[in-house]
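# Secondary and tertiary structure notes
If you want the building blocks of each chain, they are given just below.
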Protein chains: 2
Amino acid sequence: MKFNLDAIDGNARACTIQTAHSTIQTPIFMPVGTSAVVKALDTNDMREILDTQIILANTYHLYLRPGDETVNKLGKLHGFTKYDRSFLTDSGGFQAFSLSDISKADEKGIMFRSHIDGSKHYFTPSKVLDIQYNLGSDIMMILDDLVALPATKERLTLSIDRTTRWAKESITYHREKQSDGIGVNQNIFAIIQGGIDKEFRKISAESLCAMDFDGFAIGGLSVGEENQAMYDTVEFTTPFMPKDKPRYLMGVGTPEDLVENIERGIDMFDCVMPTRNARNGTLFTTFGKINIKSARFKLDDTPIDPACDCYTCKRYSRAYLNHLYRAKELTYFRLASLHNLHYYLNLVKEAREAILKGEFQAFKREFYNRRN
Amino acid sequence: MKFNLDAIDGNARACTIQTAHSTIQTPIFMPVGTSAVVKALDTNDMREILDTQIILANTYHLYLRPGDETVNKLGKLHGFTKYDRSFLTDSGGFQAFSLSDISKADEKGIMFRSHIDGSKHYFTPSKVLDIQYNLGSDIMMILDDLVALPATKERLTLSIDRTTRWAKESITYHREKQSDGIGVNQNIFAIIQGGIDKEFRKISAESLCAMDFDGFAIGGLSVGEENQAMYDTVEFTTPFMPKDKPRYLMGVGTPEDLVENIERGIDMFDCVMPTRNARNGTLFTTFGKINIKSARFKLDDTPIDPACDCYTCKRYSRAYLNHLYRAKELTYFRLASLHNLHYYLNLVKEAREAILKGEFQAFKREFYNRRN
C-alpha cells in the first residue's frame, strides 16, 4: 500500500491510498457489502454507477457462507464478485460478538456459535488472518477485544491489554506469512480500543501505533455513546496516530458524524446506515433526511433531492418511489440504495475538494446551513 | 397504431406494430410490470439493458394502488414510470376474478373486493376503459367474462355471449370517447373466449373479429388445461382472426409454449414466468431450466448459460448467484430477472429472424435439439 498525504486543513486530511487494486482518495466512505455484495446492488453498480474505489466485506459472514475456502477457490473476493477494485475485510470479531447468541472471549480468542446453523467456531488472531488470506482483501483488520459501553475500568484494561497482545501476535504472524509469499499484497490494520476514556485510548493508541501496521482504526465507538463523546474521543486519539498512515473510524456513521470526524483527522469510514436506511424508507438529502413512505410524496413529481445527480434522482420522482415502497416492490431497494450511497460518496468527495482548497470550515458551515 | 405484416412462414408471422411510443417487432414477449414496474428491475433496465419495446401493466393493481387518477396526474404511465416506450394494460378482470376473495360477474360487470384493504369495487366495460384512459396505455384490453376450466356448456355460452355484449359496449364507448378527444392514441383489443371448445372459440372469434378493434387476443388459456389442448385451441382459432391485425395470446407461457404458438400464428405474449421463476431460483437456458439453488453450482465458475450474452452472464458466475440466492441477497432477484427476461426476449427475436428468412422450422428443431 502506498500512502500520500495530499493536503491538511486544520486537522482534516486529504490522502491517497494506492492498493494493488485501486487508488483511494480520502476522506472515503466504504459501502458495506456484508456477504460480498452491497445489499440490493451488484458490483457493476458499484463500479459503473457509484464509482466506488473500495467496498467493505464481512469476514464473519463469508467465513460461514459460502466459506472462505470457497471464495478462495473462486478467485478470492475479486474473482468471486468480479469487483476488481479494493476490498477491506473486518476481523469478524464484532459480528461474532454481536450476532451470536453465545460468544465468549478468552485470552486466545473468541468462541461463538453461527447465527445460521448454531455450529461452534473459534476466532483467534491468526485464524481471522488465515480467513482473510483466503478472501484476498486489500486491507485486513486484526482481531480485537470488544467491550460493550459503559464498561468498568477493569474490563477496559483487559480489553486494551488483550487487544495489544493480539495485535503483536497478528503483526508477527502476518509478516511471517508474507515472507512465505502469502498475503504479500494484503495490508493489515490494527484497532485502537479504550471506550470513551482518554487515558485508555492513549495507552491503546501508543502501544499499537508503535507496531508496524499499514494503518490504524479507531474501534469501539458508535455503540450507543453520545455523539459528542464519540467526537471528543476521536479528537483526543488521532494525535497519537501516525500522520503517514491511514486512519479509519469503524462503523461510523451519520452524515454529521462523517463531517465532524473528517474535521478531527479521520480518513476512512464505513457504515450500514445509507443502505439500511434506504431499505427502511429514509433517504438522505442536502437538506436533511426524508421518509419516502410519507403520504405527502404521493403526488410529488420532483426527485428525492433536486440538488442530486444520482442515478435515481436523474430518472425517478418521489411519487414513483413512494409508490414502489408502498407496493413493496424490490426495485425500490436498489433505487433508494443507489441514492443514499451516492449521497455519502458525494459528501466525502466534496469534503476532500474543500480540504484540497483549504476551505473545509466553509464546507462544514455550508453543510449545516443547508440542513437548517 | 400502424400494423405491417413483414413476413409469413407457414402460419408463423413477423409483424411491425407502430404505437405512439415505440416500434414493436413481433413475435414479441411483453415483460409483466404489474404495479408499473417489472419486479426487481427499473425502467432504465428495461430500456437500456433489455431494450424492451413494450411492457404490460396491470389495471387492477394500478387502480387500487396508487390509483389511476394519481397515475394520470403524474403524467400517465409514461410520465409516472419514465418508460417512454409502449405499455399494454389488461382490463383488470382477470385479477378481479383471481385475486379477490369475493368476486361476482353479472350482466353489467364484475363486483370484487380489493386484496389490499377489502374495499368493494365494480368493474364495467366502460369503467375499465376510463381507468385505462387515466393510465394512458398504448394498448387497452376490454373487460371479458372469464371462466374457470373445465366449464359447462351453459357457462361457456354465457361467457362468450357476455364477452361479445361487453365488447360491443366497449368499442362503442371507446370510439365515442376518441371523437371527444380522449384516448386518441390508445388502441383497443378484444379478447376471444370459449375455453378449449372449438365451436365456442369459432363463435367468439367470428363475433368479435367482425367489430372494429385494433387487435385481438386469445384469453382463457394457460389456466390448467393440457399444453396440447392450448396449442390445438390456438391453431383452430387463429384462422378466424384477421391477418392484418395483431394477435395476442394472454398469459402464456413457457419457452416451449412461445415457440409452439408462434408457429400457430401468435404475435404477442406476456407471462410472469420469467420474472417469477427467476425469483424462485429457476433460470432459463438454451439447454433447458436450471435451479441455481442446487449445491452443484457452489463451485461452478461458469455463467448461467455459456451461450448467453445477457448482463448477468457477461459478469457473474453460477457460484456467485448460488451464493447470493442462499444468502437471500436482494441483488440476486435483479440479476436473475435480467437473465430470464433476456432469454425470453432473445428467443422471440431469434424466432422473428427465422421467420424473416423462412427458416422457422429449422429454428424450432434447433430449439428442441439444444434442450435434449
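Parameters and conventions
Residues numbered from 1 in each chain as written. Chains lettered and ligands numbered in written order. Predicted model: local features only at pLDDT ≥ 70, side-chain atom pairs only at ≥ 80, totals over all residues. Heavy atoms only, no water. Least-squares fit on C-alpha atoms with pLDDT ≥ 70 in both. Contact = heavy atoms within 4.5 Å. Salt bridge = Lys/Arg side-chain N within 4 Å of Asp/Glu carboxyl O. Helix = DSSP H or I, 4+ residues; strand = E, 2+ residues; numbered from the N terminus. Buried < 20%, exposed > 50% of the residue type's maximum accessible area, 1.4 Å probe, protein only. UniProt positions renumbered as here; feature names shortened; annotations may be inferred. Phe/Tyr/Trp six-rings, centres within 6.5 Å; stacked < 30°, edge-to-face > 60°. Lys NZ or Arg CZ within 6 Å of the ring centre and 35° of its normal. Pairing = 2+ DSSP bridges. Axes fitted to C-alpha atoms, helices over the stretch in contact; angles between N-to-C directions.

Before going further, it helps to examine the relation of the copies chain A and chain B. Superposing chain A onto chain B takes a rotation of 180° combined with a translation of 0.0 Å along the rotation axis, leaving an RMSD of 0.0 Å. On the angle and the small slide along the axis, the relation comes out as a two-fold axis. Taking the C-alpha atom as reference, chain A places Leu330 of chain A closest to the rotation axis, 3.7 Å from it. Take the interface residues of chain A: 100% of them recur as interface residues in chain B, which is what a same-surface contact looks like.

Let us now look at the pattern of salt bridges. Residues and elements named next belong to chain A. On inspection of all chains with the given rule, the structure shows 54 salt bridges over all chains. Its salt-bridge partner being Arg85, residue Asp51 comes within 2.7 Å of it at the nearest N-O pair. Linking Asp51 in the loop between α1 (43–49) and β5 (54–57) with Arg85 in the loop between α4 (76–81) and β6 (86–89), this pair joins segments that are 34 residues apart in sequence. Judged by relative accessible area, Asp51 falls into the partly exposed class, the value being 45%.

Our focus in this paragraph is the UniProt feature "domain: tRNA-guanine(15) transglycosylase-like" (unreviewed entry) in chain A. UniProt tags residues 11–371 of chain A as "domain: tRNA-guanine(15) transglycosylase-like" (unreviewed entry). A helix fraction of 45% and a strand fraction of 16% characterise residues 11–371 of chain A, whose end C-alpha atoms lie 24 Å from each other.

Looking now at the packing of aromatic side chains. Counted under the stated rule, the structure contains 32 aromatic pairs over all chains. Taken together, a centroid distance of 5.1 Å and an interplanar angle of 80° make the contact between Phe367 of chain B and Tyr368 of chain B edge-to-face. Grouped by ring-pair contacts, the aromatic residues Phe29, Phe284, Tyr343 and Tyr344 of chain A constitute a single cluster. Note that Arg315 of chain A overlies the ring of Tyr311 of chain A, its terminal NZ or CZ placed 4.0 Å from the centroid.

Here we take up unusual backbone geometry. With an omega of 10°, the peptide bond running from Arg65 of chain A to Pro66 of chain A counts as cis. When you line up the elements, Pro66 of chain A lands in the loop between α2 (59–64) and α3 (68–73). Between Thr26 of chain B and Pro27 of chain B the backbone carries a cis peptide bond, its omega angle lying at 0°. Residue placement: Pro27 of chain B occurs in the loop between β3 (23–25) and β4 (28–30). Located in the positive-phi region is Ser222 of chain A, a residue other than glycine, with phi close to 60°. Mapped onto the elements, Ser222 of chain A comes out in the loop between β12 (215–218) and α9 (227–237). Of note in the backbone geometry, Lys76 of chain B takes a positive phi value of approximately 55° without being a glycine. Overall, the relative accessible area of 29% leaves Lys76 of chain B in the partly exposed class.

Time to look at the sheet that holds strand β13 (residues 247–249) of chain A. Residues and elements named next belong to chain A. One open sheet accounts for eight strands, arranged β4-β14-β13-β12-β11-β10-β6-β5; its pairing is parallel. With one partner strand each, in any of the chains shown, β4 (28–30) and β5 form the two edges of the open sheet. Strand-to-strand, the axes of this sheet are offset by a mean angle of 25°, without reference to chain direction. Bridge count for β6 against strand β10 (residues 139–141) is two bridges, and the pairing is parallel. Note that in β10 the partner of Leu88 across the bridge is Ile139. Along the sheet, helix α8 (residues 198–209) contacts β11 (187–192) and β12; its crossing angle with β11, the most-contacted strand, is approximately 160°.

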